[in-house]
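# Structural features, examined
These are the residues of each chain, in order.
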Amino acid sequence: MSTATAVKMKAETMTWQKLCNKADLVEYSGVAAWVETADGPAQVAIFYIPSDPNTSQRPDQAQELYAIDHHDPFSNANVIARGIVGDIKGEPVVASPIYKQHFRMEDGQCVEDENVTLRAWKVAFKGQEVWIEA
């Protein structure tokens, strides 16, 4: 395997990358970050929605972190991390701060337009660190 082939294979493989620390996140809000992807650098919006200990949801099912594209395709601006966090029928969503389309945090699907989906990444806490698979 040549060096060029090894570099290409590495770029095409999704890997876990450290993004930041938990203390860098803002509860019930988003922050923007850069990640390296197979297609080059990308901006992602990271949302931290702490689990509610008063709900009947099992702790192992509670998802606290979400990562979707920071780029809003409707306004063509990198603004999703600054969107309004809420839920629609119990599913966490973020409303774009420009034209207010809602995107599901789970998979990036636009609620108002089924033809538009933001990329979504796996993201997780590893201790006090935030890691993303990109």
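Everything numeric in this text was worked out from a predicted model, so none of it was measured.

Take the packing of aromatic side chains next. For the structure shown, the criterion picks out two aromatic pairs. For the pair tyrosine 48 and phenylalanine 125, a centre-to-centre distance of 5.6 Å together with 90° between the ring planes defines the contact as edge-to-face. Here tyrosine 48 is found in strand S3 (residues 40-48), whereas its partner phenylalanine 125 is found in strand S10 (residues 120-126), with 77 residues between them in sequence. For the pair phenylalanine 74 and phenylalanine 103, a centre-to-centre distance of 6.2 Å together with 40° between the ring planes defines the contact as tilted. Residue phenylalanine 74 is found in the loop between strand S5 (71-72) and strand S6 (77-78), and its partner phenylalanine 103 is found in strand S9 (residues 102-104); the two are separated by 29 residues along the sequence. With a relative accessible area of 30%, phenylalanine 74 lands in the partly exposed category. The ring of phenylalanine 125 is capped by lysine 22, whose NZ or CZ atom sits 4.8 Å from the centre of that ring. The ring centre of tryptophan 131 lies 4.6 Å from the NZ or CZ of lysine 126, which sits over that ring.

A separate point is the nonpolar core. The biggest cluster of nonpolar side chains holds 17 residues, and the ones touching the most others in it are Leu19, Leu25, Ile46 and Ile132. Not counting the four nearest positions on each side in its chain, leucine 19 is found in contact with Ala33, Trp34, Val35, Ile46, Val130, Trp131 and Ile132.

This paragraph deals with the environment of tryptophan 131. Looking at the element boundaries, tryptophan 131 is found in strand S11 (residues 129-133). In the structure, tryptophan 131 is positioned 111 residues away from cysteine 20 in sequence and 7.4 Å away in space, judged by C-alpha atoms. Setting aside residues up to four positions removed in sequence, tryptophan 131 forms contacts with Trp16, Gln17, Lys18, Leu19, Lys122, Val123, Ala124 and Lys126. Within the local environment of tryptophan 131, its side chain forms a polar contact with the side chain of glutamate 129, the two groups lying 3.0 Å apart.

Turning our eyes to something else, we now look at the sheet that holds strand S1 (residues 16-21). Sheet architecture is open: six strands sit in the order S1-S11-S10-S4-S3-S2, paired in antiparallel fashion. Whereas interior strands pair on both sides, the edge strands pair on one side only; in this sheet they are S1 and strand S2 (29-37). Pairwise comparison of adjacent strand axes, ignoring direction, gives a mean angle of 30° for this sheet. In this structure, S1 lies alongside S11, joined through five bridges in antiparallel fashion. Within S11, the residue paired with cysteine 20 across the bridge is valine 130.

The rules behind the values
- Residues numbered from 1 in each chain as written.
- Predicted model: local features only at pLDDT ≥ 70, side-chain atom pairs only at ≥ 80, totals over all residues.
- Heavy atoms only, no water.
- Phe/Tyr/Trp six-rings, centres within 6.5 Å; stacked < 30°, edge-to-face > 60°.
- Helix = DSSP H or I, 4+ residues; strand = E, 2+ residues; numbered from the N terminus.
- Buried < 20%, exposed > 50% of the residue type's maximum accessible area, 1.4 Å probe, protein only.
- Lys NZ or Arg CZ within 6 Å of the ring centre and 35° of its normal.
- Core = buried A, V, L, I, M, F, W, Y, C linked by side-chain atoms within 4.5 Å.
- Contact = heavy atoms within 4.5 Å.
- Polar contact = N/O pair within 3.5 Å; in protein donor to acceptor, adjacent residues only side chain to side chain.
- Pairing = 2+ DSSP bridges.
- Axes fitted to C-alpha atoms, helices over the stretch in contact; angles between N-to-C directions.

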